[in-house]
Amino acid sequence: MADLVTSEILGSVCRIVMHDGRDNLLSRPMCFQLLQALRAADGDDAVKAILLTGSGAYFSKGYDIADLSSDAEQAALFELVDAFIDLSKPVIAALQGDALGAGLELAMLCAFRLTAPNAKIGFPEVTLGLSPGAGATQTLPRLVGAETCLNLLLGGKLVPASLLGAGVDAEINGDFQAGALRFAQTLAGQNLQGLALKHL
């Protein structure tokens with residue numbers, strides 16, 4: 001199986017990077033490797049915070065629609081969603097690029113969200129008659145309110161990530177990855193008790 005996810009310990013932060021060489025689709029192998037990396041970081045006493053990011057133009061383009069008919073593929077995504085909910089340590093989603101569909105839903109499950117100025121978000125799958133299925137109907141309205149949530153879930157358009165308003169904890173200019181790591185390291189030095197469930 002190709003390495004789709006890498007993780008490294010940087011002080012008290014575990015940085016996990018999705019990199020499938022395309023758009024970081026949440027295929028079954030990607031979900032499995034993310035699950036393993038997240039659980040390993042959560043079980044490491046030296047890790048106080050987890051920084052999740054992507055490579056290239058996308059944080060994640062979302063679920064691999066080509067595999068929608070596969071129960072095993074869907075189960076892999078649902079298991080990953082459950083893992084995010086069960087983590088004891090806060091995860092920071094660092095959107096260096098666009099977060100679409102289930103990729104955005106994973107970011108919504110994180111305790112914090114960082115965005116690059118040009119990052120976009122959206123649920124383009126609704127234009128195909130597909131509804132978000134990884135928790136957005138629960139997490140999104142709590143973060144951004146009913147009106148913004150409905151516009152995102154029903155419109156299918158890509159919009160600037162800044163439209164998440166309070167759902168974005170910081171917009172990082174300049175060297176995005178360096179700035180995201182600084183944010184994570186600062187967070188890791190604070191009292192983190194309860195922050196893993198900030199989004200619930």
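So, a few notes on the structure that sits alongside this text.

The rules behind each value
- Residues numbered from 1 in each chain as written.
- Predicted model: local features only at pLDDT ≥ 70, side-chain atom pairs only at ≥ 80, totals over all residues.
- Heavy atoms only, no water.
- Core = buried A, V, L, I, M, F, W, Y, C linked by side-chain atoms within 4.5 Å.
- Buried < 20%, exposed > 50% of the residue type's maximum accessible area, 1.4 Å probe, protein only.
- Helix = DSSP H or I, 4+ residues; strand = E, 2+ residues; numbered from the N terminus.
- Pairing = 2+ DSSP bridges.
- Contact = heavy atoms within 4.5 Å.
- Axes fitted to C-alpha atoms, helices over the stretch in contact; angles between N-to-C directions.
- Salt bridge = Lys/Arg side-chain N within 4 Å of Asp/Glu carboxyl O.

**Description of the nonpolar core**
- Ranked by size, the top nonpolar core spans 44 residues in total, and within it Ile16, Leu26, Leu34, Phe84 and Ile121 carry the most contacts.
- Among the secondary structure elements, those contributing two or more residues to this core are strand S2 (13–18), helix H1 (28–42), strand S3 (49–54), helix H2 (71–86), strand S5 (91–95) and helix H3 (102–109).
- Per-element accounting of this core gives the leading share, seven residues, to H1.
- If you look at the next biggest cluster of nonpolar residues, it comprises 16 residues, including Ala94, Phe176, Leu181 and Ala188.

**Examining the sheet that holds S2**
- The six strands lie next to each other as S1-S2-S3-S5-S7-S10, forming an open sheet whose pairing is mixed. In this open sheet, the two strands that pair with only one neighbour each are strand S1 (5–10) and strand S10 (170–171).
- As paired strands, S3 and S5 are joined by four bridges and run parallel to one another. Note on S5: the bridge partner recorded for Leu51 is Ile92.
- Contacts from H1 reach S1, S2, S3 and S5 within the one sheet, and its direction differs from that of S2 by about 175°.

**Section: the pattern of salt bridges**
- Counted under the stated rule, the structure contains four salt bridges.
- Ionic pairing is found between Arg22 and Asp20, a salt bridge with its closest N-O pair at 3.5 Å.
- For Arg22, a relative accessible area of 52% gives the class exposed.
- According to the relative accessible area criterion, Asp20 is buried, its value standing at 17%.
- When the shortest N-O distance is used, the salt bridge between Lys61 and Asp23 registers 3.9 Å. Remark: Asp23 occurs in the loop between S2 and H1 and Lys61 occurs in the loop between strand S4 (58–60) and H2; sequence separation between them is 38 residues.
- You can call Lys61 partly exposed: its relative accessible area is 37%.

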